[in-house]
Amino acid sequence: MCRTLFQKIWDAHTVAPLAGDTLLLYVDRHYLTEITSPQAFDGLRSAGRTVRQPATTIAVADHNVPTSDRRLGISDPESRAQVDALERNAHAFAIRYLALEGAQHGIVHVAGPEQGLTLPGMTVVCGDSHTSTHGAFGALAFGIGTSEVEHVLATQTIAQRPAKTFRVTVDGTPPAGVEAKDIVLSIIRAVGAGGANGHVIEFAGETIRKLDMAGRMTVCNMSIEAGARAGMIAPDDVTFAYLRGRPHAPRGASFERAVERWRSLASDRDARFDRELHLDAATFAPMVTWGTSPEDALPIDGVVPDPASVSDPALRAQLTAKLAYIGLTPGQRFTDVPIDVVFIGSCTNGRLEDLRAAARIARGRHVAPGVRALVVPGSAAVKAAAEAEGLDATFRAAGFEWREAGCSMCVGMNPDRVEPGRRCASTSNRNFQGRQGPGSRTHLLSPPMAAAAAITGRLADVRRFAMR
Amino acid sequence: MRAFTTLTAVAAPLPLANVDTDTIVPARFMKTLTRSGLGAKLFHDLRYDASGNERPDFVLNRAPYRAAEILVAYDNFGCGSSREHAPWALLDFGIRCVIAPSFGDIFASNCSKNGVLPVALPPAACERLVAIAAAGMHVTVDLERETVRAGKGVAWAFRADPFRRTLLLRGDDDIDVTLQHRDAIADYERRRAGDELYTCTGFVPVPPEASSA
């Protein structure tokens, strides 16, 4: 039997058929956040149900939390109520809660893998679309809604139809200045924002294999921005080296036996995919988005597209409206666009490797006058590790703010927001209208590109900067 | 869940592609602990100006679309965030059905858990329906027969996911449906209980008997 990575995990987790091709899939790991779980717990209570497997369930508050001084607590009453509700619900149902003040706290998609809570071959769900991040470990990981959160809490299963399989193979050596973020933005541009709807993407090829786990998580994180149900990468020695010794990974001989089994998860040589796409990384360049969809990505040395070149009237009207919102003019060079804010962080690019890459640009330079630049580690552990190697000092000396872990300016739900009409160079994942705050204008790019923008005060080509 | 069988109603045209769930409900309105009351926030930043006044050019601010129960849009409607607040807001406003060429997967799933029907029709049909909706004509969506009709002789067939279709037609609670399979779930857990991959770190301590389901 020739099966893909996806099919192997799917088969191993099938509990019972439901109707049509929908079946019940067993869930190994369920992460909870404060935004999408309160109504699920209320639903459980009002139906007199309980949590079937609390020990597989992990709760952490990340969207709403301030990234300034934690000792001051959460001043916004609604945010505080949601965070309190998560802690209370976790306690009431014997679910482990990663406390805001603790060393294990972080954005759920940074903190979970860091603790070894996501392992190859697992099914992983969370009421957050960027759950696709965990697919970097060779897990089948996807975002769910609140009703599904309640369903998983009550039954430890989820009703699913099999996804179509889509292999994106990236070969070739990326040119200097091209990061994992540029690879995934290039893929999204090629596939389209809805191009992978109904599919699970397996990222393959030598370029993907050569990425470290942080880079793989960046790529899988943004598979949802192409519409994919999930993104995944076959586990290999890079994966196993990352997992060895993590608090919740198997230990000793168990780990060695687990590795043998995890190796067999890779798609079989002759496995067939419903769709295939091949890309050559040698053609990639540092990318920046110019619009309000992640598919609106182009190389940094390009110019703003012209609606006049679009023949379909509805699409032309939408493009014109997009450019009006984002405040750019057709033909304008990206490197001439001034920015107000820089955000380095998020579940896409808030890991230690991301901060190191940004620091190589920031070191010995200074943020341009009038620019506000934030560095927000993805977790308390990332923050501690970065401080141990002096990255905080590097960033502070360069005029960046160094903050506590959280979703921060990615999502506009906490005090870190982009003001109306302001323009942000951001390492986050979505440039949707209002995403970083009402009227905010977002340009997605890699951590070194964000640092370069902070230094220049404009969108900037990182290839013109010497790494330090 | 409220059942969905057939619906004849005003349809609001929203001829935009890639309408994301941040546009349907901005994240700053997700700090609620309940499911209700989000109708006022639906499409907030398109519907209201910076001072909170209605933008008269936005479709849901105009007659007859204030009473719309159907929305017609373009490709990839509901992409982005997994927030169920998006269908909650649609439902709270009164929208029971969205017609588009394609949908974000999680959004479509969330809709069907709330009695909101996502109907996928080909792009040309959606363009035609946008014109029909713009003319203020009523549209009929029939989940039983899996058809969309608009006036005499104008009809399209669609295919709903069979599992979700049954739940929607009956208004069933999906957790109740799953719990009919509680023995299969317990069997699955029992089969895996001795597997060190799932027990060695103690994160799946599976005493099936302890399950309350």
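Residues numbered from 1 in each chain as written. Chains lettered and ligands numbered in written order. Predicted model: local features only at pLDDT ≥ 70, side-chain atom pairs only at ≥ 80, totals over all residues.

Caption draft 1: Molecular detail of the overall build of chain B. Helix and strand content of chain B: nine helices and seven strands. With the principal axes as the frame, chain B shows a C-alpha extent of 65 × 45 × 25 Å. When the 213 residues of chain B are sorted by exposure, 46% land in the buried category. In chain B, the proportion of contacts linking residues at least 24 apart, taken out of those at least 6 apart, comes to 67%. (Helix = DSSP H or I, 4+ residues; strand = E, 2+ residues; numbered from the N terminus. Buried ≥ 20, exposed ≤ 12 C-beta atoms within 10 Å, placed from the backbone. Contact = placed C-beta atoms within 7 Å.)

Caption draft 2: Spotlight on the sheet that holds strand E11 (residues 230–232) of chain A. Residues and elements named next belong to chain A. Pairing is parallel across the open sheet formed by four strands, whose spatial order is E11-E10-E9-E12. Each end of this open sheet is capped by a strand with a single partner; those strands are E11 and strand E12 (275–280). The mean inter-strand angle of the sheet, taken between neighbouring strand axes irrespective of direction, is 20°. The pairing of strand E9 (residues 164–171) with strand E10 (residues 199–204) spans six bridges and is classified as parallel. Note on E10: the bridge partner recorded for Phe166 is Ile201. Against the sheet, helix H1 (residues 5–12) touches E9, E10 and E11, its axis set at about 130° to E10. Those strands touched by helix H6 (residues 180–191) are E9 and E12, and its axis lies near 130° from that of E12. (Pairing = 2+ DSSP bridges. Axes fitted to C-alpha atoms, helices over the stretch in contact; angles between N-to-C directions.)

Caption draft 3: Spatial organisation of the environment of B:Gly78. All names here are of chain B. Tracing the backbone shows Gly78 in the loop between strand E2 (70–73) and helix H3 (85–93). On the basis of neighbour count, Gly78 is assigned to the buried category, with 30 C-beta atoms found within 10 Å. As a C-alpha pair, Gly78 and Asp105 span 27 residues in sequence and 8.2 Å in three-dimensional space. Ignoring any residue separated from it by four or fewer positions in sequence, one finds Gly78 in contact with Val19, Thr21, Ile24, Ala86, Phe103, Gly104, Phe107 and Ala108.

Caption draft 4: Representation of helix H6 (residues 162–170) of chain B in the model. Residues and elements named next belong to chain B. Among the residues of H6, those classed as buried are Phe163, Arg164, Leu167 and Leu168. One face of H6 carries all of its buried residues, which in axial projection span an arc of 125°. Backbone geometry just downstream of H6 places Gly171 in the positive-phi region, at approximately 70°. (Arc of directions from axis to C-beta.)

Caption draft 5: The arrangement of the packing of helix H13 (residues 352–362) of chain A against helix H16 (residues 447–456) of chain A in detail. Residue and element names in this part refer to chain A. Between H13 and H16, the shortest axis-to-axis distance is 8 Å and the interhelical angle comes to 30°. Regarding H13 and H16, the two cross each other, and that crossing is right-handed. Between H13 and H16, the residues in contact are Asp354, Ala357, Ala358, Arg360, Ile361 and Ala362 and Pro447, Pro448, Ala450, Ala451, Ala452 and Ile455, respectively. Looking at the contact of H13 with H16, its residues break down into ten nonpolar, no polar and two charged. (Left-handed = near helix turned anticlockwise from the far one by under 90°. Nonpolar A, V, L, I, M, F, W, Y, C, P; charged D, E, K, R; others polar.)

Caption draft 6: Structural detail: the domain arrangement of chain B. Along its sequence, chain B is organised into domain 1 (6–172) and domain 2 (181–211). The distance between the C-alpha centroids of domain 1 of chain B and domain 2 of chain B comes to 40 Å. (Domains from an automatic or database assignment.)

Caption draft 7: Quick peek at the environment of A:Gly412. Tracing the backbone shows A:Gly412 in the loop between strand E17 (401–402) and strand E18 (423–426). As for A:Gly412 and A:Val51, which are separated by 361 residues in sequence, their C-alpha atoms are 31 Å apart. A:Gly412 has contacts with A:Arg417, A:Arg435, A:Gln436, A:Gly437, B:Ala27 and B:Arg28, leaving out every residue within four places of it along the chain.

Caption draft 8: Region of the structure containing the nonpolar core. Formed by 211 residues in total, the largest nonpolar core has its most connected members in A:Val342 and B:Val72. Those residues in contact with B:Val72, other than ones at most four positions away along the chain, are B:Ala11, B:Pro13, B:Leu14, B:Ile99, B:Cys126, B:Leu129, B:Val130 and B:Ala133. (Core = buried A, V, L, I, M, F, W, Y, C linked by C-beta atoms within 7 Å.)

Caption draft 9: Structural view of the sheet that holds strand E7 (residues 140–143) of chain A. All names here are of chain A. What the five strands build is an open sheet, ordered E5-E4-E3-E6-E7; its pairing is parallel. Of all the strands in the sheet, the pair left with one neighbour each is strand E5 (96–98) and E7. Adjacent strand axes in the sheet meet at a mean angle of 20°, parallel and antiparallel pairs treated alike. Here strand E3 (residues 29–32) pairs with strand E6 (residues 123–126) via three bridges, running parallel. Within E6, the position partnered with His30 by the bridge is Val125.

Caption draft 10: Expanded view of the pairing of strand E2 (residues 23–26) of chain A. All names here are of chain A. Residues Leu23 and Leu25 line one face of E2 and the alternating positions Leu24 and Tyr26 line the opposite face, and both faces are buried. Across three bridges, the pairing between strand E1 (residues 14–17) and E2 is antiparallel. By the bridge assignment for E2, Thr14 is matched with Leu25.

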